[in-house]
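Residue strings, one per chain:
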Amino acid sequence: MIIVEVAVIIVALAFMLADRAELTLEMVLIYIAVGAVSVVLHDFAHRYFATKHGYDADIRFWGLGTVIMFVTAWLFGNAFAQSYRNLVNRDGGSGDTREMGLEMVAGPVMSIILMILFLFMVQLGGLWAVAGGIGFVINLITAVYSLMPISSMDGGAIWRWNRTLYLALLIPMLAFYI
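Bear in mind that the values here come from a model prediction, so they are computed numbers and not experimental data.

Caption draft 1: Seen up close, the pattern of salt bridges. Enumeration over the complete set of coordinates arrives at two salt bridges. We note a salt bridge from Arg60 to Asp58, for which the minimum N-O separation is 3.4 Å. Overall, Arg60 belongs to the partly exposed group, its relative accessible area being 44%.

Below, the structure written as structure tokens:
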């Protein structure tokens, strides 16, 4: 629970730095609330499918991801990384490719769903629009970064399981990101 709370605060601070957001109590609370929804639901999606397949899931602090997140936020105005990693304990077994693919695709798909929901919030105006814009960006970057085919992210397992689905998720997300 502490790792999730720290991850939420790190996500909020990194995206505030990336956006060069005004440091007011209202803005900090919006970034924390949106970051909390994004981090918790992304993690919950992974945990749900891992538990459904009979495995324990955990979230771990990721120092390198945190450093990358703040460096990219500061240098490029884009917090491109994650301060946490989802881990699944398979008790020595690697599980089948389909199970791993489903577990790994759950997080990015949840981020994509949240991205779309936050985008619709922009139409509501006021603070809803601010939160919607922030949530759209956080979830877009989380989805794109999660889909990267590197060992520490979800993309590799999704690629091994279903290349068509992987490309169907990555290409539009990358296009939005660019």
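From this point on, the discussion continues.
Caption draft 2: Broad picture of the side chain of Thr66. Mapped onto the elements of the fold, Thr66 is located in helix 3 (residues 63-76). The class for Thr66 is buried, based on a relative accessible area of 10%. For Thr66, the contacting residues outside a window of four places in its chain are Ile10, Phe61, Gln82 and Ser83.

Caption draft 3: Broad picture of the packing of aromatic side chains. Tallied over the entire structure, the rule returns six aromatic pairs. Seen from their ring centres, Tyr48 and Phe49 are 5.0 Å apart, and the 90 degrees between their planes marks the pair as edge-to-face. The class for Tyr48 is partly exposed, based on a relative accessible area of 42%. Exposure remark for Phe49: the relative accessible area of 26% places this residue in the partly exposed category. When the centroid spacing of 6.3 Å and the interplanar angle of 85 degrees are considered together, the rings of Phe136 and Phe176 count as edge-to-face. In this pair, Phe136 sits in helix 5 (residues 126-146) while Phe176 sits in helix 7 (residues 163-177), placing the two residues 40 residues apart along the sequence. Overall, Phe136 belongs to the buried group, its relative accessible area being 16%.

Thresholds, definitions, all that
Residues numbered from 1 in each chain as written. Predicted model: local features only at pLDDT ≥ 70, side-chain atom pairs only at ≥ 80, totals over all residues. Heavy atoms only, no water. Salt bridge = Lys/Arg side-chain N within 4 Å of Asp/Glu carboxyl O. Buried < 20%, exposed > 50% of the residue type's maximum accessible area, 1.4 Å probe, protein only. Helix = DSSP H or I, 4+ residues; strand = E, 2+ residues; numbered from the N terminus. Contact = heavy atoms within 4.5 Å. Phe/Tyr/Trp six-rings, centres within 6.5 Å; stacked < 30°, edge-to-face > 60°.

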